[in-house]
Amino acid sequence: MIFNLSKTKSIANTFISELRDEEIQKDSMRFRKNLERIGEFFAYEISKNLKYDIKEVVTPLGVSSCEVLAQQPVLATILRAGLPLQQGLLNIFDKAECCFISAYRKVKKSGDFVIQMDYISSPDLNDRVLIMADPMLATGQSMVMCCKELINRYKITELHIVAAIASTVGVEHVRANLPKAKLWLGAIDEEMTSKSYIVPGLGDAGDLAYGEKV
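What you are looking at is a predicted structure, and each value in this text was computed from that prediction instead of being measured.

## Some remarks on the side chain of Asn4
Topologically, Asn4 is positioned in strand 1 (residues 2–4). Polar contacts involving the side chain of Asn4 include one to the side chain of Ser6, which spans 2.7 Å. When neighbours within four sequence positions are excluded, Asn4 is seen to be in contact with Leu185, Gly186, Ala187 and Ile188.

Here it is in structure tokens:
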């Protein structure tokens, strides 16, 4: 299943346009806030697919039968760029536990790269719904590697993948390797550069959110 936010008319598309805009990107606080907003939109959309219980709630004037979330999902992200997007999800799923993964592109002298994963900090994911957030789904290699590592360790009931911008290559790679995953994407771009950056994309989300790395 793929949900493409850009195919629906909503204010969320304004925030995606601001994420892409090189002038607005100069305000790193606004860039982080827009990623956070996108996370909130996706949390709402994902919540429509989760399970609910009926709870009797006592009000000052009586009792109301309300639907409440049966179980909070676990919110995972790949450091560092994914933190604002994860925070948006956490604003809505405000009782959720979180998982953090350190993974990055290790570039060889040839210019090729491999995905290096250093560590995972996670709660117990057995019989849990997992939402994995990363602003950019470029080649999809890091996303697949991180998700497979968690799937190998735990019995995850549902996997949702959230990205602000994805490439068609990345989407195909994820679908081929994680066929049961549900994808929630802000927009899908057709091209990538020789260094595997999405075009038009938005640039390096981590640098734009937190400053250029050395």
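## Some remarks on the nonpolar core
Membership of the largest hydrophobic core comes to 34 residues, with the highest contact counts inside it found for Phe31, Ile38, Val162, Ile165 and Leu202. Elements that contribute at least two residues to this core include exactly helix 1 (12–20), helix 2 (28–47), helix 3 (83–92), strand 7 (129–133), strand 9 (158–167), strand 10 (182–189) and helix 6 (205–210). A total of six residues in this core trace back to one element, the largest contributor, which is helix 2. The residues touching Ile165, leaving out its near neighbours within four places in the chain, are Ile16, Arg20, Pro135, Met136, Leu137, Ala187, Asp189, Ile198, Gly201 and Leu202. By size, the runner-up hydrophobic cluster in this structure holds 28 residues, among which are Ile120, Leu137, Met143 and Ala163.

## Topic: the pattern of salt bridges
With the rule as written, the count across this model stands at 10 salt bridges. Residue Arg20 is joined to Asp189 by a salt bridge in which the shortest nitrogen-to-oxygen separation is 2.9 Å. Taken together, the positions of Arg20 in helix 1 and Asp189 in strand 10 put the pair 169 residues apart, joining distant regions of the chain. Accessibility expressed as a relative area gives 25% for Arg20, which makes it partly exposed. A residue is classified by how much of its surface remains accessible, and Asp189, at 7% relative accessible area, is buried. Where Glu149 meets Arg153, a salt bridge forms, and the shortest distance between an N and an O atom there is 3.0 Å. Note that Glu149 and Arg153 are positioned in helix 4 (residues 141–153) at a spacing of four residues, about one turn of the helix. Here Glu149 falls in the partly exposed class, since its relative accessible area comes to 26%.

Cut-offs and rules
Residues numbered from 1 in each chain as written. Predicted model: local features only at pLDDT ≥ 70, side-chain atom pairs only at ≥ 80, totals over all residues. Heavy atoms only, no water. Helix = DSSP H or I, 4+ residues; strand = E, 2+ residues; numbered from the N terminus. Polar contact = N/O pair within 3.5 Å; in protein donor to acceptor, adjacent residues only side chain to side chain. Contact = heavy atoms within 4.5 Å. Core = buried A, V, L, I, M, F, W, Y, C linked by side-chain atoms within 4.5 Å. Buried < 20%, exposed > 50% of the residue type's maximum accessible area, 1.4 Å probe, protein only. Salt bridge = Lys/Arg side-chain N within 4 Å of Asp/Glu carboxyl O.

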